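Structural characterization, general
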Amino acid sequence: MATPHQATPAASKGKLPPGALKAYIASLTGTSLEYYDFAIYSVASALVFPKIFFPGNDEFVGLLLSFSTFAVGYLARPIGGIVFGRLGDKIGRKHVLVITLLLIGVATVLIGVLPDYSVIGVAAPTILVLLRLAQGIGVGGEWGGAVLLSSEFGDAHKRGFWSSAAQIGPPAGNLMANGVLAVLAAALSAQDFLSWGWRIAFLASALLVVFGLVIRLKLEETPIFKAIKGHGEAPKAPITDVFRQEPRALVAAALSRVGPDVLYSLLTVFVAVYATKELGMTTSNVLAAILIGSAFQLVLIPAAGALTDRINRRLVYGVAAVGTAVYIPLFFLMIQGRSVAMLTVGVVIGLAFHAFMYGPQAAYITEQFPARLRYAGSSLAYTLAGVIGGAIAPLVFTALYAASGNWFTIAAYLAVASAVTVVGLALGRNPQTEEEERLLAESRL
């Protein structure tokens, strides 16, 4: 029997598994749309929505109300994880991924054409919240399926690389969103951007949706799910089975996400506040640093995933988590001199640490669960960890900074988050391919 890191016969001859490349692109497209939406919505929440959907005498109240719609997207993710995770293990990966892509894409486009408060009154912010809820539910079901789509079509012994398709979404979506916003900012006046220009950024997501749908509709169901279905092993109650049969796997997978989520929030959200307010840098300085770091991640994430196919996955992931705890104090010391170059280098290095956790993360999470419960288990772990990790991290950063006035408590928070990830890795298991090999071998008989 093949060892966990041994190449399959197809791979040893340099041939791609059938459908693997299409599945990789389909997975990448969906998560890129997700983070494209994340980036443009965050900008609109700060600059546009308080003025056109939550107008009033108190600008701060409008901003808080706008950010509350942003948070709704995170809070809705576990709903999507439960609903679509269950369906993904019952009816298949492909069908669910078509639904989630449509749900995210249609909701984003509808936000782009939503009349503002001056036109339809209180219905405008109400509909905005509902559309954000729909986006969050779609995202909650998208990630687990996107990971399984690329990994179950790919070589099981190279799951780190094939699963990384979904992980490239954040930097790819960030780059696309900021590229669109940069073009709009350069071409339009501030008034035109506020009036109608922001809508273009939302409507542009339709291109990603169409591209993703064309690819996903042409794909067959993954070989693993077809084998599970053919043997009558599809679960009747996937969510219940995960909680009853795989509680340790669920805890291990969820905890492994906390450190990377908190680190990403620090380097892409809080650093903008700290560098501009505390260090006197410009927003463009910070944005440039983040974009350069994101560009490096396009290469580092799949490279990190591939590395863990050769070297123990938990070891690489754990070293990056410990390295993060050590590095963050150094990062803050590096940027105290108010050097734009040092800020850029610091963010690039920080996002490199993130890549070496985030790249293998998808493979690590999915391989904690048996094939028949992978969609439900992975989706639950991803969405639950998002609530306690990425969703609250910006609020925690802000509260700690306001209370202490320095970066020491923030570095301590990162250290705790990294420790939580190490605990998750310690509770987890190494790759096991025996079940998949059995299912695929029996399906050929």
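Just above, that's the structure.
Residues numbered from 1 in each chain as written. Predicted model: local features only at pLDDT ≥ 70, side-chain atom pairs only at ≥ 80, totals over all residues. Heavy atoms only, no water.

Section: the overall build of the protein chain
A count of helical and extended segments in the protein chain gives 22 helices and zero strands. Taken over the C-alpha trace, the protein chain has a radius of gyration of 21 Å; the compact-globule value for 445 residues is 22 Å, and the two agree within 12%. Each principal axis of the C-alpha distribution contributes one length, and for the protein chain these read about 70 × 50 × 40 Å. Sorting the 445 residues of the protein chain into buried and exposed places 55% on the buried side. A separation of at least 24 residues holds for 86% of the contacts in the protein chain among residues at least 6 apart in sequence. (Helix = DSSP H or I, 4+ residues; strand = E, 2+ residues; numbered from the N terminus. Rg over C-alpha atoms; globule rule 2.2 N^0.38 Å. Buried < 20%, exposed > 50% of the residue type's maximum accessible area, 1.4 Å probe, protein only. Contact = heavy atoms within 4.5 Å.)

What about a nonpolar patch on the surface?
A surface patch of nonpolar side chains, amounting to about 400 Å² of accessible area, comprises Ile79, Ile82, Val83, Leu130 and Leu133. At the level of secondary structure, the elements contributing two or more residues to the nonpolar patch comprise helix H5 (77-90) and helix H8 (123-153). Element by element, the count of residues in the nonpolar patch is highest for H5, at three residues. In this structure, Leu130 sits in helix H8. Of the residues examined, Leu130 reaches a relative accessible area of 52% and is grouped as exposed. (Patch = residues over 30% accessible without salt bridge, like charges linked within 9 Å, V, L, I, M, F, W, Y side chains within 5 Å. Areas by Shrake-Rupley, 256 points an atom, 1.4 Å probe, with all protein chains shown as cover. Salt bridge = Lys/Arg side-chain N within 4 Å of Asp/Glu carboxyl O.)

Focus on helix H17 (residues 313-335)
Given a rise of 1.5 Å per residue, 23 residues ought to cover 33 Å, and the 32 Å separating the end C-alpha atoms of H17 matches this to within 8%. The backbone nitrogen of Arg314 has a side-chain oxygen 3.1 Å away, supplied by the residue at the start of H17, namely Asn312. (Expected span 1.5 Å × (residues − 1). Polar contact = N/O pair within 3.5 Å; in protein donor to acceptor, adjacent residues only side chain to side chain.)

Observations regarding the side chain of Asp241
Examined against the element boundaries, Asp241 turns out to sit in helix H14 (residues 238-245). The buried category is assigned to Asp241, whose relative accessible area is 13%. What Asp241 contacts, discounting residues up to four positions off in sequence, is Pro235, Glu246, Arg372 and Leu373.

Side note on the environment of Val83
Here Val83 is to be found in helix H5. Its relative accessible area of 39% is what places Val83 among the partly exposed residues. Considering only alpha carbons, one finds Val83 and Ala376, 293 residues apart in sequence, at a separation of 8.7 Å.

Things to note about the packing of aromatic side chains
Throughout the structure, instances matching the rule amount to 23 aromatic pairs. Aromatic pair Phe161 and Trp162: ring centres 5.2 Å apart, planes at 75°, arrangement edge-to-face. Judged by relative accessible area, which is 6%, Trp162 ranks as buried. Between Trp198 and Phe202, the ring centres sit 5.5 Å apart and the planes meet at 85°, which makes this aromatic pair edge-to-face. Here Trp198 and its partner Phe202 are both found in helix H11 (residues 190-203), four residues apart, which amounts to about one turn of the helix. For Trp198, a relative accessible area of 2% puts it in the buried group. Members of the aromatic cluster, joined through ring pairs, are Phe270, Tyr274, Tyr327, Phe331, Phe332, Phe353, Phe397, Tyr401, Trp407, Phe408 and Tyr413. One cation-aromatic arrangement involves Arg132 over Tyr41; the distance from NZ or CZ to the ring centre is 4.1 Å. (Phe/Tyr/Trp six-rings, centres within 6.5 Å; stacked < 30°, edge-to-face > 60°. Lys NZ or Arg CZ within 6 Å of the ring centre and 35° of its normal.)

Quick word on the nonpolar core
Counting residues in each nonpolar core, the largest one holds 103 residues, and the members touching the most others are Phe49, Phe53, Trp198, Phe331, Phe332, Leu343 and Phe397. With 15 residues, helix H15 (residues 247-277) is the largest single contributor of residues to this core. Sequence-distant contacts of Phe331, defined by excluding residues within four places in its chain, comprise Leu267, Val271, Leu343, Gly346 and Val347. Listed in part, the 13 residues of the second largest apolar core include Phe84, Ile137, Leu148 and Leu219. (Core = buried A, V, L, I, M, F, W, Y, C linked by side-chain atoms within 4.5 Å.)

Purely spatial values, then, with no claim about function.
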